[in-house]
Amino acid sequence: MSVLDSALPPRIALVGNPNCGKTALFNALTGSRQKVANYPGVTVERKIGHFVSPLGRRVQVIDLPGTYSLRARSPDEEVTRDVVLGRFSHEDSPDLLVCVADATNLRLNLRLVVELKRLGRPIILALNMMDAAEKRGCRIDAAALSAALGVPVVPTVAIRRGGVQPLLEQIDGAMAMASDAAADAAENSAPCGWSEPSSRDLRAYHQEVEGLLAGCVADAGLPPLATRRVDAVLLHPVFGLAFLFLVLFLMFQAVFAWAEAPMNLIDGAVSGLKDWVAATLPDGALRSLLTDGIIAGVGSVVIFLPQILVLFFFILVLEATGYLARAAFLLDRLMGGVGLHGRAFIPLLSSFACAVPGVMAARTIENRADRLATIMIAPLMTCSARLPVYTLLIAAFVPDRPLLGGLVGLPGLVMFALYAAGILSALAVAFVLKGTVFKGAREPLLMELPAYRLPNPRDIALGLFERAKVFLARAGTTIFALMIVMWFLASFPGAPEGATEPAIQYSIAGMIGHALEPLLAPIGFTWQIAVALVPGIAAREVAVGVLGTIYALSESGDALQSSLAGALAASWSLPTALSLLAWYVFAPQCVATLSVVKRETNGWFWPAVMFAYMITLAYGASFITYRVASALL
Amino acid sequence: MSGHPTPETGQSPGGRHLGELKKGERARVTGVDERGVVTTLPEGELERRMIEMGLVEGSHVEVLHEAFPGRDPIAIRVNEHTLALRRAEARAVLVAPAA
Ligand SMILES: Nc1nc2c(ncn2[C@@H]2O[C@H](COP(=O)(O)OP(=O)(O)OP(=O)(O)O)[C@@H](O)[C@H]2O)c(=O)[nH]1
Ligand SMILES: [Mg+2]
């Protein structure tokens, strides 16, 4: 190590099997809030944080994707291998490896520890989930294990306050030793020697683990009976699938039913604020900017916060219980029908929230063809930013009629149908892709099913709070800025003398809309929709905000109080509304999605293909919808 | 390779493979032999993955659940953990009745 290097804080890396609690430990050590969930493959990139040890040493911690072996098989596991072996550009291998092992499943977890030990790097073994292990009746002699392995062993409970204290203390001790060792062993910073273990090596590691277990584990504990009982129902070939579809259906139904009351509240508050500003400020450009631009625009987006929170509530609960891995298991065969891997369910479900994490979660799919197919269809899952558009149009055009004796509402059913349209078209696209460009058999499915865990209400609440913050921050920055720009474009230049139409017709936005109109007229879009689609590429929910502003600016005095949904119902035909819904099922993705696809596929080719195929599908679907609806209605 | 001689079919004489076990059956793993299993993986890779997931000589397995349709994939208990895999690949795991 050079003199300069020693000025940097010591670096430790958290390494271990998937789902053993590395990120939970990372959060406990650094106080950050990285995503923790109960399925293998949550973390797909390295995350860096800092903490100050009990002795006042500043330490850098790296959280890594879980892996069963350094023989990385998927892109996320390659990150782990490269960090551990110091192959990342300009980075030495970490000064200390904290191997994290799930104490309830030592047999599987210790094999990686044995493999890592061969690297000859300083190691601490953290036996995590000790609380769960004790509940199962595991009896592990940590001191004996430490002696047998020749590395310090500390029990931890990452999710309990103070549960990482023993680890913190051990890190201090190990850091002191590691820096001594580094001082007199310069070759320490060279990339470590490691070669892929053969199956013979793996069997040898396995034997070593059996020896360790025999000497240090008096009782491996009983497997959790509750998980098995629950799975007897939830993994039942028939009930299991029925339950899965019921959960998804309830999720979309709840997005409507549960969010209605809070949405009305927000709606009332927004129009109250608008009225108050309108009454307080003198008529003029400032008042129009505030009421028509900012309040109408941002307000029409913020109103969807409750729906987005309901959606995230479901996703967070599903992730925390351990059900997601089960869904992948249940769907493996069905998704295999279109050539997809069961695992693809997890990235696809996260895409309902947002396609960006969904595309990234596809990193856990090993085979490149399978992964690309999953990435290409992820944006067809209706993301939460499209939810506002659906809701707005449904509110405007679908009567709120109860069905099945009030059990489901017609709006909820339409919403479900829209989501289903996205899912089905995704499957169709996958089928075509897997039959043409991404030919080949599927990767094997070898996936651990974690024990069920009751979600911690505090974690769910914090997760929702986090989402709300992100959403509101977005509304307050990107959307706010876009709305101001749009208001200017929609207000200037003003109407000429003796104009008969509302002023907006003569503005820049009006001109843009009218220029695009011929292109979009065949699918029934008005010039207002054309204006809304353009900023919608930056952030899809902005389309709703822009419509809010356009209609606020177009309205004459007496119509001013009517809601945006009301304004749309009055001015659009039903075929136009249906056509726009069809457009948004395929809606060419936002910039953020395209750029994450570029990053994940290392080039512009796939994002270009994605944009082209989605815009073609969107235009085609809208065209057919508009024509058919116009003919029938 | 596993060191357990097996004919080309991937099935040991009188022995069975994990892929043919029914729900509720328990067994002990006697070997891992990927010959006879069609995969996209390079040679030797499936065997190594099986071992890494705990399917190695001496492990105890029990078929817990079967998915739909075709009772595939299966969820099995392997010692202390639960693993989901397809029957096609499970053929690589040779088993004998639990002692
Ligand atoms: N009971 C108990 N649960 C824990 C403990 N540590 C983590 N968990 C839970 O275990 C699950 C997995 O935790 P993560 O931190 O996401 O696991 P990870 O190792 O980062 O997983 P990957 O990123 O997928 O490799 C979550 O449901 C956590 O709440 C613990 O000490 N005790
Ligand atoms: Mg993690």
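Remember, it's a predicted structure, so these values are computed and weren't measured experimentally.

**Student:** Can you walk me through the interface of chain A and chain B in this structure?
**Tutor:** Contact residues are listed per partner, giving 44 residues for chain A and 39 residues for chain B. Each partner contributes to the roughly 3,800 Å² buried at the junction of chain A and chain B, and carbon and sulfur atoms together form 56% of this total. If you look at where chain A meets chain B, you find 12 salt bridges. A salt bridge links R73 of chain A to E52 of chain B; the shortest N-O distance between them is 3.7 Å. Our count for the contact surface shared by chain A and chain B stands at 20 residue pairs in polar contact (both at pLDDT 80 or more). Contributions of two or more residues to the side of chain A that touches chain B are made by α4 (106–117), α8 (199–216), α9 (225–234), α14 (323–336) and β11 (446–448) of chain A. With 5 residues, α14 of chain A is the largest single contributor of residues to the side of chain A that touches chain B. Class assignment of the residues belonging to the side of chain A that touches chain B gives a composition of 20 nonpolar, 9 polar and 15 charged.

**Student:** Would you explain the domain arrangement of chain A in this entry?
**Tutor:** Accessible area lost when the parts come together is the quantity often used to give the size of an interface. Residues and elements named next belong to chain A. Each assigned domain of chain A is listed here: domain 1 (11–183 + 198–222) and domain 2 (237–439 + 455–632). The C-alpha centroid of domain 2 is placed 41 Å from the C-alpha centroid of domain 1. Domain 1 puts 13 residues into the contact, and the matching count from domain 2 is 20 residues. Our count for the domain 1 to domain 2 interface comes out at 1 salt bridge. One salt bridge in this structure joins K35 and E319, with 2.8 Å as the shortest N-O distance. The interface formed by domain 1 and domain 2 holds 5 residue pairs in polar contact (both at pLDDT 80 or more) in total. Its residues assigned to classes, the side of domain 1 that touches domain 2 shows 5 nonpolar, 3 polar and 5 charged.

**Student:** Where do I start with the site of ligand 1 in this structure?
**Tutor:** Residue and element names in this part refer to chain A. Taken together, 23 residues lie near ligand 1, and K22, T23, V42, T43 and R453 sit nearest. Contact distances for ligand 1 include 3.3 Å between an oxygen atom and a backbone N or O atom of M129. For ligand 1, whose free accessible area comes to 660 Å², the fraction covered by protein is 95%. Here the element with the most residues in the shell around ligand 1 is helix α2 (residues 22–30); it accounts for 3 residues. Tallied by class, the residues present in the shell around ligand 1 amount to 12 nonpolar, 8 polar and 3 charged.

**Student:** It is not clear to me how the packing of helix α22 (residues 527–536) of chain A against helix α23 (residues 542–554) of chain A should be interpreted in this structure. Could you clarify?
**Tutor:** The relative placement of two packed helices comes down to the angle between their axes together with the axis-to-axis distance. Residue and element names in this part refer to chain A. Interhelical geometry of α22 versus α23 gives an angle of 140 degrees and a closest axis separation of 8 Å. Between α22 and α23, the interaxial angle falls into the category oblique. For α22 against α23, the interelement crossing comes out right-handed. Here W527, Q528, V531, A532, P535 and G536 of α22 come into contact with α23, specifically with V542, A543, V546, L547, I550 and Y551.

**Student:** Whenever I open this one, the UniProt feature "domain: Ferrous iron transporter FeoA-like" (unreviewed entry) in chain B confuses me. Can you help?
**Tutor:** UniProt feature "domain: Ferrous iron transporter FeoA-like" (unreviewed entry): in the numbering of this structure it lies at residues 16–97 of chain B. Here residues 16–97 of chain B is 15% helix and 38% strand, with 9 Å between the C-alpha atoms at its ends.

**Student:** Explanation requested: the environment of A426 of chain A in the structure shown.
**Tutor:** Residue and element names in this part refer to chain A. Here A426 shows up in helix α19 (residues 410–435). When the C-alpha atoms of A426 and P379 are compared, they prove to be 8.6 Å apart, with 47 residues separating the residues in sequence. Look past the residues within four positions of A426 in its chain and what remains in contact with it is I377, L380 and M381.

What counts and what doesn't
Residues numbered from 1 in each chain as written. Chains lettered and ligands numbered in written order. Predicted model: local features only at pLDDT ≥ 70, side-chain atom pairs only at ≥ 80, totals over all residues. Heavy atoms only, no water. Contact = heavy atoms within 4.5 Å. Buried area = accessible area lost by both parts, 1.4 Å probe. Salt bridge = Lys/Arg side-chain N within 4 Å of Asp/Glu carboxyl O. Polar contact = N/O pair within 3.5 Å; in protein donor to acceptor, adjacent residues only side chain to side chain. Helix = DSSP H or I, 4+ residues; strand = E, 2+ residues; numbered from the N terminus. Nonpolar A, V, L, I, M, F, W, Y, C, P; charged D, E, K, R; others polar. Domains from an automatic or database assignment. Near = heavy atom within 4 Å. Areas by Shrake-Rupley, 256 points an atom, 1.4 Å probe, with all protein chains shown as cover. Axes fitted to C-alpha atoms, helices over the stretch in contact; angles between N-to-C directions. Parallel < 35°, antiparallel > 145°, perpendicular 65-115°, else oblique. Left-handed = near helix turned anticlockwise from the far one by under 90°. UniProt positions renumbered as here; feature names shortened; annotations may be inferred.

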